[in-house]
Amino acid sequence: MRKINTLIISSLIILIMPFALPNKGFSEEKQQELSGSELWSQNCGRCHNFRGIHEFDDAQWEVIVSHMRSVGNIPGKEARAILKFLQQGNNPPSEPILKVVPKKMEVSSIGEMMESADISKGKALYETYCTSCHGMSGKGDGPAAVSLRPKPKNLTDSAYMISLNDQYLYDVINKGGVAVGKSPFMPGWGTTLSDEDIADIISYIRSLSQ
Amino acid sequence: MNILFKYFLFLFLGIFILAFSSSLNAQQSNIEKRLNALEEKNNELERKYEDLLQKYESLKVEKGLIEAEKWIEEKETKDKQQDETISSLSSYVDKRIEKFSIFPEAKIFLSGYGAVGFKNQNGEPSTFNALFAPIFHYQHSDRLHFLIEGEFELEDDENSFSLEIGQADLFINDYLTLVGGKFLIPFNTFSERTHPSWINKMPDPPIIYGHGGHGEHDSPTAGIIPILSDIGIQLRGGAPLPLAKGSKINYSFYIINGPRAVIEDEHAEDEGDEHVDQLIAAMNEEDEHADEEGEEHADEGEGANVDLQFGSNFNDINDNKTIGGRIGFLPVWNVELGASFMYGEASNNIDFYLLGFDGQFQYRGLNVLAEYIRRENDLPGGGDQNVDGYYAQASYRLSGLSFDNGMADKIINGLEPVVRVGQIFQEGEDISQVAIGLNFWYLPSVPFKIAYQFNDEIPDSFLFQWAFGF
């Protein structure tokens, strides 16, 4: 029994020791880089329900993610990406003087912006920021959608999408659900995405219902 | 002549004077007329001047007002911007002060959970119960995090407060964290991750987790192990794997004080503690007659059981420490398989080991958990005491259903049926349990749970719990 235990202990030490070296470990080059949104949906709903992003401010999220990094054995780089996603989703930012807020466009110019929107770029942005809740197909069936009430909207519903103008979509993406009387679980991305980015996402979203 | 000349002279003078005076009068009259006319004109010009002056003044005032308004508007905008900047600065400064300005990166956060429940076990009085566990976090910097969890516990007629967790986390690098203090032991996953009442999908722990220090004291049995926490140090972490999206490995290794072994002897009531003391003395070789009496007592020791008490060995009563660890493997992000072990020599020279396996699967609203635990320990009289068991739980969140009715959808989307089965296999008595439950998630961290347990060897129970996490 003691020999087996010695073997177990030695094996564990050998397994763990490489990680005691500064940032040495398994190569991440072969793994596709995951966005903060994807990491959040993969890690933060496995044990408990997703909590609303606006439930905590930026400083509180920092403490929470630090605790979860330890409890959930989340690698440091992933924890930082998740924290960045959560803090960016808090709109308005809790410390506005420390962040550069992208200039927001006037109501009249959204039409012009939509004319030059890039749908392929919008697809990439959608997959980075939106799929965790709205799903890859846009049907509101992302991994995080399970514990959200109300559920994320089905963006493939053409009748519903036709009823929404571009300005509305711009407002909800820019300022979050609360700004348009919708779910507080929809974060605002105005401090992360430029107007052009939002227009690109809108153009891609429109294509999902066509 | 002279008179006539004088007469004509006077006449002529008179006529001249008359003529002159009338001329003068006429001139004066003209002058007066002209004066009057000029005066009138002057008056008219004065009036016009006054009018123009008034117009000028009013124009001046009007222009001044416009400029004044502009000036006021600009000033108000500047004042507002200044106020916002001051407010923002003030808020920033307040937050820094609030979070210990001495350590600008330091942050304090209070979280925790609690629950109120109701239990009706056949053959026992029904009862309400409650627990409250505040958790204080202090983050000194992005590398150092402190955590203290206390628990207010109410049991029988006593209420108590205990330190459940008091640990420090030092993030050595992205893959390794040093933990020290009193921490939840990473043996399987229920103790460490899913036991808090707002996360556990049933009102009580699985059957293999029994009574013991962590507030979930509604377990109907002693279980195989309690919810584990102990004092020691730990290295843990996780790393991504180059297999698939989200694939990872996580690992934990710890050294702790370990449990105390309490020997429960069925003969104790007949013979008092003497028999147990003799057993212990024989095992510890304190008795010079141990070789002679040891074996005799060993035979009599049959029937003695060992109760391993985790989490209450605050000052270790021997030099023996307990070691253990867990490795978890996620081939994809929504599947985790884990293996755990723990080995040590508890008090009274009782060797023990624990072996555990755990698994988790998640797909949309479906969540499946399962754990297996095996415990082996020496017995005072020789031989081993073995007990093993498992539980499996499945839950499904009805968030995908819609009946196009706002209120009905809100209620139905918050519902989550749960089923859990479990068994304990031990000498002389196997215990089985099938529990069905229904949760309603009022908020992501506030569930209302009801459950009914169909048990073998122990009474059936009805349970209700309202839990909250904050």
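Residues numbered from 1 in each chain as written. Chains lettered and ligands numbered in written order. Predicted model: local features only at pLDDT ≥ 70, side-chain atom pairs only at ≥ 80, totals over all residues.

1. Observations concerning the overall build of chain B
Here is step 1: In terms of regular secondary structure, chain B is built from six helices and 18 strands.
Here is step 2: Considering chain B as a whole, with its 470 residues, one finds that 35% of them fall into the buried category.
Here is step 3: Excluding contacts between residues fewer than 6 apart, the proportion of contacts in chain B whose partners are at least 24 apart in sequence is 53%. (Helix = DSSP H or I, 4+ residues; strand = E, 2+ residues; numbered from the N terminus. Buried ≥ 20, exposed ≤ 12 C-beta atoms within 10 Å, placed from the backbone. Contact = placed C-beta atoms within 7 Å.)

2. Section: the overall build of chain A
Here is step 1: Each helix and strand in chain A was counted, giving 10 helices and zero strands.
Here is step 2: Here chain A, with 210 residues, has 44% of them falling under the buried criterion.
Here is step 3: When contacts within chain A are restricted to residue pairs at least 6 apart in sequence, long-range pairs at least 24 apart make up 65% of them.

3. Observations concerning helix α9 (residues 166–175) of chain A
Helical geometry: 3.6 residues make up each α-helical turn, so side chains three or four residues apart lie on a common side.
Here is step 1: By the burial criterion, the buried members of α9(A) are L169(A), Y170(A), V172(A), I173(A) and N174(A).
Here is step 2: Just downstream of α9(A), G176(A) is the residue with a positive phi angle, here 100 degrees.

4. A short note on unusual backbone geometry
For residues other than glycine, phi is negative in most cases, and the peptide bonds are mostly trans.
All names here are of chain B.
Here is step 1: With phi around 55 degrees, N188 is a residue other than glycine that occupies positive phi space.
Here is step 2: Topologically, N188 is positioned in the loop between β5 (176–184) and α2 (190–194).
Here is step 3: The exposure class of N188 is buried, given the 29 C-beta atoms found within 10 Å.
Here is step 4: Notably, E457 is not glycine yet its phi reads approximately 75 degrees, a positive angle.
Here is step 5: Mapped onto the elements, E457 comes out in the loop between β17 (446–456) and β18 (461–469).
Here is step 6: For E457, a count of 12 C-beta atoms within 10 Å corresponds to the exposed category.

5. Re helix α3 (residues 58–71) of chain A
Here is step 1: The end-to-end C-alpha distance of α3(A), which contains 14 residues, comes to 20 Å, matching closely the 20 Å that a straight helix rising 1.5 Å per residue would cover.
Here is step 2: On the buried face of α3(A), the contacting elements are α4 (76–89) of chain A together with β1 (107–121), β2 (127–139), β3 (144–155), β4 (158–173) and β5 of chain B.
Here is step 3: Among the residues trailing α3(A), N73(A) stands out with phi positive, at a value near 55 degrees. (Expected span 1.5 Å × (residues − 1).)

6. Quick notes on the nonpolar core
Here is step 1: One finds I82(A) and I201(A) to be the most contacted residues of the largest nonpolar core, which totals 44 residues.
Here is step 2: For this core, the secondary structure elements donating two or more residues are α2 (36–43), α3, α4, α6 (119–129), α9 and α10 (195–208) of chain A.
Here is step 3: If we ignore the near neighbours within four places in the chain, the residues touching I82(A) are G36(A), L39(A), W40(A), N43(A), C44(A) and V65(A).
Here is step 4: Counting residues in hydrophobic clusters, the runner-up holds 41 residues, among them I208(B), L308(B), Y343(B) and F352(B). (Core = buried A, V, L, I, M, F, W, Y, C linked by C-beta atoms within 7 Å.)

7. Observations regarding the environment of D230(B)
Residue and element names in this part refer to chain B.
Here is step 1: Within the fold, D230 resides in strand β6 (residues 229–240).
Here is step 2: Judged by C-beta crowding, with 24 C-beta atoms within 10 Å, D230 ranks as buried.
Here is step 3: Residues D230 and I185, 45 residues apart in the sequence, show an inter-C-alpha distance of 6.8 Å.
Here is step 4: Every residue in contact with D230, bar those within four places of it in the chain, is listed here: K182, I185, I256, N257, G258, F310 and G311.

8. So, the pairing of strand β15 (residues 415–426) of chain B
All names here are of chain B.
Here is step 1: Sheet topology note: the strand β14 (residues 384–396)/β15 ladder contains nine bridges and is antiparallel. Along β15, the bridge assignment pairs D388 with F425.
Here is step 2: Direction of pairing for β15 relative to strand β16 (residues 431–443): antiparallel, over a ladder of 10 bridges. Considered in β16, the bridge of V419 is made with I436.
Here is step 3: Where β15 folds back onto β16 in an antiparallel hairpin, the turn is made up of four residues, including G428, whose phi is positive at roughly 90 degrees. (Pairing = 2+ DSSP bridges.)

9. Description of the environment of E149(B)
Here is step 1: Mapped onto the elements, E149(B) comes out in strand β3.
Here is step 2: Spatially, the C-alpha atom of E149(B) lies 9.2 Å from that of S111(B), the residues being 38 residues apart in sequence.

10. Points about the confidence of the model for chain A
All names here are of chain A.
Here is step 1: Overall, the predicted model of chain A reaches an average pLDDT of 76, with 75% of residues at or above 70.
Here is step 2: Across chain A, the secondary-structure element scoring lowest on mean pLDDT is helix α1 (residues 2–20), at 50, and the one scoring highest is α3, at 92.
Here is step 3: Considering only residues more than four positions removed or in separate chains, one finds that residues 17–31, a stretch of pLDDT under 50, has 24 contacts.
Here is step 4: Low confidence marks residues 93–103, where pLDDT is under 50. Its contacts with residues over four positions away, or in another chain, come to 14 contacts. (pLDDT = per-residue confidence, 0-100.)

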